[in-house]
Structures are given as C-alpha cells and as structure tokens.
Amino acid sequence: MASAHDRAVLQAIFNPTTPFGDIHGLNQEEELIDDDSCFDTELLKQVKELEMRGVSAAEAGDLQAALQLFSQAIQILPQRASAYNNRAQALRLQGNTAG
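Residues numbered from 1 in each chain as written. Predicted model: local features only at pLDDT ≥ 70, side-chain atom pairs only at ≥ 80, totals over all residues. Heavy atoms only, no water.

A. Local environment of the side chain of Asp 36. Turning to its location among the elements, Asp 36 is positioned in the loop between helix H1 (4–14) and helix H2 (41–59). Take Asp 36: its relative accessible area is 13%, and that puts it in the buried class. In terms of polar contacts, Asp 36 uses its side chain to reach the side chain of Arg 80, at 3.1 Å. Once residues within four sequence positions are removed from consideration, Asp 36 is found in contact with Leu 44, Lys 48 and Arg 80. (Helix = DSSP H or I, 4+ residues; strand = E, 2+ residues; numbered from the N terminus. Buried < 20%, exposed > 50% of the residue type's maximum accessible area, 1.4 Å probe, protein only. Polar contact = N/O pair within 3.5 Å; in protein donor to acceptor, adjacent residues only side chain to side chain. Contact = heavy atoms within 4.5 Å.)

Structure follows, in structure tokens:
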C-alpha cells in the first residue's frame with residue numbers, strides 16, 4: 001500500500017504543473033531514508049560500493065562501465081531497487097528509453 005508521501009510523489013508526476021507547495025503530503029524538506037535493514041550487511045556493502053563506482057563512471061561519461069556495475073549490483077541483491085533505478089538512469093543518458 002502506498003504511503004501518503006508516495007501518493008504525493010505520484011500526484012507531482014502526473015500533474016507536473018501543480019506547485020510543489022500545493023501538494024498535500026509532499027514535504028520537500030523531509031529526508032527520506034532507505035530501509036536496508038532486511039538485507040545481509042556484507043552483500044549490502046558490496047552493492048553500495050558497486051553503485052558508487054557506477055555513479056562515478058556515469059559522471060565521468062563511461063556509461064557502459066556504469067551499466068555493468070549497476071547490473072552486477074542487481075545480480076547480488078535483486079530485491080533492492082536502487083541499482084535498478086541507477087541502471088535506468090544510465091540507459092536514459094545513453095538515449096535508450098526502451099530499456
């Protein structure tokens with residue numbers, strides 16, 4: 001079930017002309033924290049390191065290396081969404097919107 005914040009984010013996506021201050025439940029100053037407590041700490045450490053390296057590679061313009069690193073992270077912890085999102089962003093930067 002979606003939280004109030006999730007519904008507010010969807011509202012902002014589907015109604016992009018609505019000013020953020022007018023979207024009930026969307027507190028832009030609220031810090032969102034991923035709950036990674038359900039993952040093995042050693043695997044999580046490996047995945048976060050791969051993702052950081054992938055982000056660095058993408059920022060340096062090496063999108064192919066970034067995609068490989070994000071895919072490795074997905075193979076290690078396929079239940080964690082972050083690497084999927086990072087991989088999707090790298091594909092978008094490549095111009096690949098089909099996935």
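After that view, the rundown keeps rolling.
B. Summary view of helix H4 (residues 81–94). Between the first and last C-alpha of H4 there are 20 Å, a value that for 14 residues agrees with the 20 Å anticipated at 1.5 Å per step. Every buried residue belonging to H4 is among Ala 83, Asn 86, Ala 90 and Leu 91, and all of these are buried. Relative to the axis of H4, the buried residues are bounded by an arc of 140° and lie together on one face. Directly after H4, the chain includes Gly 95, whose backbone phi takes a positive value near 95°. (Expected span 1.5 Å × (residues − 1). Arc of directions from axis to C-beta.)

C. Representation of the nonpolar core within the structure. If you look at the biggest cluster of nonpolar residues, it comprises nine residues: Phe 39, Leu 44, Val 47, Leu 50, Leu 69, Ala 73, Ile 74, Leu 77 and Ala 83. Looking at this core, the elements with two or more residues in it are H2 and helix H3 (63–76). What Leu 44 contacts, discounting residues up to four positions off in sequence, is Asp 36, Phe 39, Leu 77 and Arg 80. Ranked by size, the runner-up nonpolar core spans eight residues in total, among them Ala 58, Leu 63, Ala 66 and Phe 70. (Core = buried A, V, L, I, M, F, W, Y, C linked by side-chain atoms within 4.5 Å.)

D. Layout of the pattern of salt bridges. In this structure the tally under the stated criterion is three salt bridges. Notably, a salt bridge pairs Asp 36 with Arg 80, separated by 3.1 Å at the nearest N-O pair. With Asp 36 in the loop between H1 and H2 and Arg 80 in the loop between H3 and H4, this pair connects stretches of sequence that are 44 residues apart. Arg 80 matches Asp 36 in its accessibility class, with the two residues each being buried. It is possible to trace a salt-bridge network through shared partners that takes in Asp 36, Lys 48, Glu 51 and Arg 80. (Salt bridge = Lys/Arg side-chain N within 4 Å of Asp/Glu carboxyl O.)

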